[in-house]
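Examining the three-dimensional arrangement
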Amino acid sequence: MEQTKSVSTNDFEYLRQLVRDHSAVVLSAEKSYLAELHLQPIAESAGFAFIAELVKYLRTQPFNNLHIQTIEALVTNETSFFRDHHPFEALRQYILPELIKKRAIERSLNIWCAACSNGQEPYSIAMLIREHFPLLTNWSIRLIASDFSTKVLARAQKGHYNQLEINRGLSENLRDKYFHRLDSDWQIKSEIRQMAEFRQINLMQSWSSLPEIDVIFLRNVLIYYDLATKKALLRKVKQQLRTDGYLFLGSAETTINLDGSFKQVSFNKGICYQLHNA
């Protein structure tokens, strides 16, 4: 059994390069356990007894769906509802009220969750809007949720979560108000699900299909990239963010020493970034 799970150093180097080439995510050399943990089921479903046989096949074939499945299995999709709390409080107490005043004539807002994973982040924003900003019902609100993984996007669109996922960050009040039971799991109600617009976007590729964005959530993404890719990504953010818009990064991320165009803005414990000319 151990033989089926083991991944040689050479094979993992190939897998690291595959992931980097197609998602820009940099897997550290010591994370071979991810391959051992996640690739055996993919190997077996494709008809291979060992991970090594899967890798041998991937090396010799043109890029196809099996390569995509492999990449998706190796990239972390950790998330939760209202993750870290403070960004959502900043959005509720300060940023949305400010933007509502500024956009009163055009009556439109664009919010982008740029790595939405299984959907908890965009659905958290949708519930926040529905709970605290009823006047936005008559606005044009685009809540765009994207990820490079079609697998997680398909799951996010369903809005179907198990009890453990529901317990992570979601209050009983919001659960009972915006979800209904589905056997032992929970299904988000269509009124919230329909607020999110899900798209497959590889952040390293073109963003030309996106509108100008008022608020970008790019949280816990930069930590997976090398220095050059972080800088390139922030350059693209500058092109997409409205001049008075806001960028949210993860709690361990910053634009400092990466791009001098951004300034840090604090709302109590909620930290985000704006362009200097905002």
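Let me sum up the structure you'll find in this document.

Tracing the chain through its elements places Ser 108 in strand β1 (residues 108-113). Sequence separation of Ser 108 and Asn 138 is 30 residues, and the distance between their C-alpha atoms is 9.3 Å. With sequence-adjacent residues up to four places away left out, Ser 108 is seen in contact with Arg 103, Trp 139, Ser 140 and Asp 214.

Take Asp 147: it is sitting in strand β2 (residues 140-147). Buried and unpaired, Asp 147 has no salt bridge, with Arg 83 as the nearest side chain of opposite charge at 11 Å. Here the side chain of Asp 147 touches Ser 149 through a polar contact of 3.0 Å, landing on its backbone nitrogen.

If you walk through the whole model with that rule in mind, you get 19 salt bridges. The closest approach of N and O atoms between Arg 219 and Glu 121, which form a salt bridge, is 3.9 Å. Here Arg 219 is found in the loop between β7 (213-218) and α12 (227-240), whereas its partner Glu 121 is found in helix α7 (residues 120-132), with 98 residues between them in sequence. Take Glu 121: its relative accessible area is 9%, and that puts it in the buried class.

Time to look at helix α8 (residues 150-158). Val 152, Leu 153 and Ala 156 are the residues of α8 that are buried. Looking down the long axis of α8, one finds its buried residues gathered within 105° of arc, a one-sided arrangement. For α8, the exposed residues set more than 90 degrees away from the buried face come down to Lys 151 and Lys 158. If you follow the buried residues of α8, they end up packed against α7, β2, β3 (160-161) and β6 (196-200). Positive backbone phi, at 65°, marks Gly 159, one or two positions downstream of α8.

About the cut-offs
- Counting restarts for each chain, with residues numbered from 1 along the sequence as it is written.
- Residues qualify for local features only when their pLDDT is at least 70, as the model is predicted, and side-chain atom pairs are given and counted only at 80 or more; totals for whole chains, interfaces and linings, by contrast, use all residues.
- Side-chain figures throughout are based on the complete set of non-hydrogen atoms in the structure, without hydrogens or water.
- The helix count covers DSSP runs of H or I at least four residues long, the strand count covers runs of E at least two residues long, and both are numbered beginning at the N terminus.
- In this description, contact between two residues means that some pair of their heavy atoms is separated by no more than 4.5 Å.
- Note on exposure labels: buried denotes an accessible area under 20% of the residue type's maximum, exposed denotes more than 50%, and partly exposed covers the range between, all computed with a 1.4 Å probe on protein chains only.
- Neither His nor the chain ends contribute to the count of charged residues, in which Lys and Arg are positive and Asp and Glu negative.
- The term salt bridge refers to a pairing of a side-chain nitrogen on Lys or Arg with a carboxyl oxygen on Asp or Glu at a separation within 4 Å.
- Under the rule applied, a polar contact is a pair of N or O atoms within 3.5 Å (in protein, one hydrogen donor and one hydrogen acceptor; residues adjacent in sequence only if both atoms are side-chain atoms).
- Arc definition: directions from the helix axis to the C-beta atoms.

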